[in-house]
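# Geometric and topological summary
The primary structure of each chain is shown beneath.
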Amino acid sequence: MFRLLISRYLGLIACLLMLFANNAQAQKFCVFDVLGVQGPFYGTMLEYSTIARKWGVQLELKPYTNEEKAVEDFNAGLCDVMSTTGIRAREFNLFASSIEAIGGVGNDAQMKSIIETISRPEAAKLMTQDGYEVAGILPIGGVYLFLNDRAINSVEKIKGKKIAILAHDLVQLRLAERLGFQALAADIDDFAQKFNQGNADMLPAPAIAYMPLELFKGVGNKGLVLKMPISYLSLQVVLRNDKFPANFGQKSRTYFASLFDSLLKPTQTAEQEILYFFPAPDGEYENFQALLRDARVSMTKEGIYDTKMMTLLKKVRCKNDPSRSECTDGKE
């Protein structure tokens, strides 16, 4: 009996020591969500932290509503892993961030196929760069052009119009230049405000921004949202390789890829809330696509996009629609 009590006592001590060790070695996770702890992405990362424990990793979450601050803290070594948009992830992995290329993804099914492909073990090497690893890609949804006037209904008519862009995003700046827009640089605080107050004629934004940023004010009764994604946003989980077990990143990518359909539901709901959500006029869809493609090819040559990702995106687009002219002209 005495030996049994001693054995249980030692077992309890061992468990407590293990728990203490796990807490002491918890990896700091900077989680970006514009809605903070109430946001859908923060909730997803909470569930992810529970799964990570089964893989032997303890994650300590810290919420951020300011994406720039989250990236700064990650760079400063205050976080071992972070979640950030593909826009901000460019410095950590050009291949993965290039999934957001202009005109690169045409619909949800294509995005799902791409994420599943690059989340396979065969693509693991492409997901690591300079000591960093992309451990998961989550869909945010298509980026649409919000317009304050339906008369801006052709490629020719959008040229010269004022567009609000995020000052830190080189891609948006290059897009404005290539498409002939007048760029109005803004930060996250007045990005939507410039459009809503009429200072900008158009704004590139995902559907999930429609209600929170009150973009319906900028659209009004005379504008529209062009139902044609000019790019596709993602949230990417980036970690420091030396802070995690060797197989953690692959398990993580597989996990997030399996959540695609459920993660996309908030975006699909947001798209249904857009009042004036119209496709490009007859004959203009091809013109818009050609314009986007020219911008994408130019930015790839400039080194803004990764060529391997461009090849994959084209392969998926052409599998979805083999009749596209790009599938036979050999430009990409």
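Residues numbered from 1 in each chain as written. Predicted model: local features only at pLDDT ≥ 70, side-chain atom pairs only at ≥ 80, totals over all residues. Heavy atoms only, no water.

## Let's talk about the state of the cysteines
Inspection of every chain in the model, using the stated rule, returns two disulfides. Paired through a disulfide, Cys 30 and Cys 79 show a sulfur-sulfur distance of 1.6 Å. One quick way to see it: the torsion about the S-S bond of Cys 30 and Cys 79 is about -55 degrees, and its sign makes the bridge left-handed. Remark: Cys 79 occurs in the loop between α3 (67-75) and β3 (81-85) and Cys 30 occurs in strand β1 (residues 27-32); sequence separation between them is 49 residues. Counting only the cysteines that form disulfides, in the order they appear in the chain, gives the pairing 1-2, 3-4. (Disulfide = S-S within 2.5 Å. Helix = DSSP H or I, 4+ residues; strand = E, 2+ residues; numbered from the N terminus.)

## A short note on the nonpolar core
The biggest cluster of nonpolar side chains holds 74 residues, and the ones touching the most others in it are Phe 29, Met 45, Tyr 48, Leu 59, Val 237 and Met 309. Ignoring anything within four residues of it in the chain, the contact list for Leu 59 reads Gln 27, Phe 29, Tyr 48, Ser 49, Ala 52, Val 81 and Phe 244. Counting residues in each nonpolar core, the second largest holds 20 residues, with Leu 166, Phe 191, Leu 203 and Ala 209 among its members. (Core = buried A, V, L, I, M, F, W, Y, C linked by side-chain atoms within 4.5 Å. Buried < 20%, exposed > 50% of the residue type's maximum accessible area, 1.4 Å probe, protein only. Contact = heavy atoms within 4.5 Å.)

## A look at the environment of Gly 103
Counting through the fold element by element, Gly 103 comes out in the loop between α4 (94-97) and α5 (108-118). Since its relative accessible area comes to 6%, Gly 103 is described here as buried. Sequence separation between Gly 103 and Leu 275 is 172 residues; the distance between their C-alpha atoms is 24 Å. Leave out the neighbours within four places in its chain, and Gly 103 touches Ile 230, Ser 231, Leu 292, Arg 296 and Arg 317.

## Quick look at helix α11 (residues 260-273)
Between the first and last C-alpha of α11 there are 21 Å, a value that for 14 residues agrees with the 20 Å anticipated at 1.5 Å per step. Looking at α11, one finds that the buried residues are Phe 260, Leu 263, Leu 264, Thr 267, Ala 270 and Glu 271. (Expected span 1.5 Å × (residues − 1).)

## Side note on the pairing of strand β9 (residues 224-240)
Most of β9 sits out of view: 16 of its 17 residues are buried. Bridge count for β3 against β9 is five bridges, and the pairing is antiparallel. Note that in β9 the partner of Met 82 across the bridge is Val 238. The sheet contact formed by strand β5 (residues 132-147) and β9 spans 13 bridges and is antiparallel. Among the inter-strand pairings, Val 143 is bridged to a residue of β9, identified as Ser 231. Note that β9 and strand β10 (residues 277-278) share two bridges and pair parallel. Along β10, the bridge assignment pairs Val 225 with Phe 277. (Pairing = 2+ DSSP bridges.)

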